[in-house]
Amino acid sequence: MDRDDGSRIYLEFMSKYPENNRYQVTNQVTVVGKYKNRYDVTILCNGLPIVQIELKRAGIDIKEAINQIDRYKIHSYKGLFHFVQIFVVSNAVETRYFANTDSLKILKSLTFYWTNEINERINNLNDFSAVFFNQSRLSKMLNKYMVISDTEQILMVMRPYQIIQQKHW
């Protein structure tokens, strides 16, 4: 950033080294926009909301959580919540993740299941959380495994098999 006095400073919002970041978890954050919305769980990194988690009861279709995020994007994901990079949706027995984009509707085809190294799907929310929200993994997801699609000009997060292949490069 160039300052008025001609000097230049560099700002780093998030370090690629997990130990240099401060992670916090909040729940039930209420934001008033056109409507009053209450976000289930938010993960912050150095004070910025980076992951938004929308939870539904078991038996509720996971698409309900995706549709709710669509509504939030229209009405209340403004200000600091515009920094959210990854969304996670779960109904306890099915869990998916996807990147935040500027498009108003989330493409269901760009929501992914997490898998382990032998491609077994991890659906259970507790199992998913233990693996996906590890500070090292989350830092890598945000710093290394997100790309901007040249053709569609949208932010995309890699699928598990792409991430596992990256380890061997």
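Conventions and cut-offs
- Residues numbered from 1 in each chain as written.
- Predicted model: local features only at pLDDT ≥ 70, side-chain atom pairs only at ≥ 80, totals over all residues.
- Heavy atoms only, no water.
- Pairing = 2+ DSSP bridges.
- Helix = DSSP H or I, 4+ residues; strand = E, 2+ residues; numbered from the N terminus.
- Axes fitted to C-alpha atoms, helices over the stretch in contact; angles between N-to-C directions.
- Contact = heavy atoms within 4.5 Å.
- 1 Å grid on protein atoms, 1.4 Å probe; cavity = no way out; pocket = protein on both sides within 12 Å on 5 of 7 lines; lining within 4 Å.
- Points joined across faces, edges and corners; volume = space filled by probe spheres on them.
- Nonpolar A, V, L, I, M, F, W, Y, C, P; charged D, E, K, R; others polar.

### Re the sheet that holds strand 1 (residues 23–32)
- Pairing is mixed across the open sheet formed by 5 strands, whose spatial order is 1-2-3-4-5. This sheet does not close on itself; its edge strands, each paired only once, are strand 1 and strand 5 (95–99). Pairwise comparison of adjacent strand axes, ignoring direction, gives a mean angle of 30 degrees for this sheet.
- Across 5 bridges, strand 2 (residues 36–45) lies against strand 3 (residues 48–55) in antiparallel orientation. Within strand 3, the residue paired with V41 across the bridge is I53.
- Helix 1 (residues 62–75) rests against strand 2, strand 3, strand 4 (86–90) and strand 5 of the sheet, and its axis sits at about 145 degrees to strand 4.

### Some thoughts on the layout of surface pockets
- Approximately 270 Å³ is the volume found for the largest pocket.
- For the largest pocket, the lining is made up of 15 residues, of which K73, H82, N100, T101 and D102 are closest to its centre.
- Of the residues contributing to the lining of the largest pocket, the split by class is 7 nonpolar, 6 polar and 2 charged.
- In this model, the second largest pocket occupies a volume close to 190 Å³.
- Every residue along the wall of the second largest pocket is listed here: F13, M14, C45, L48, I50, F83, Q85 and L142.
- Tallied by class, residues from the lining of the second largest pocket come to 7 nonpolar, 1 polar and no charged.

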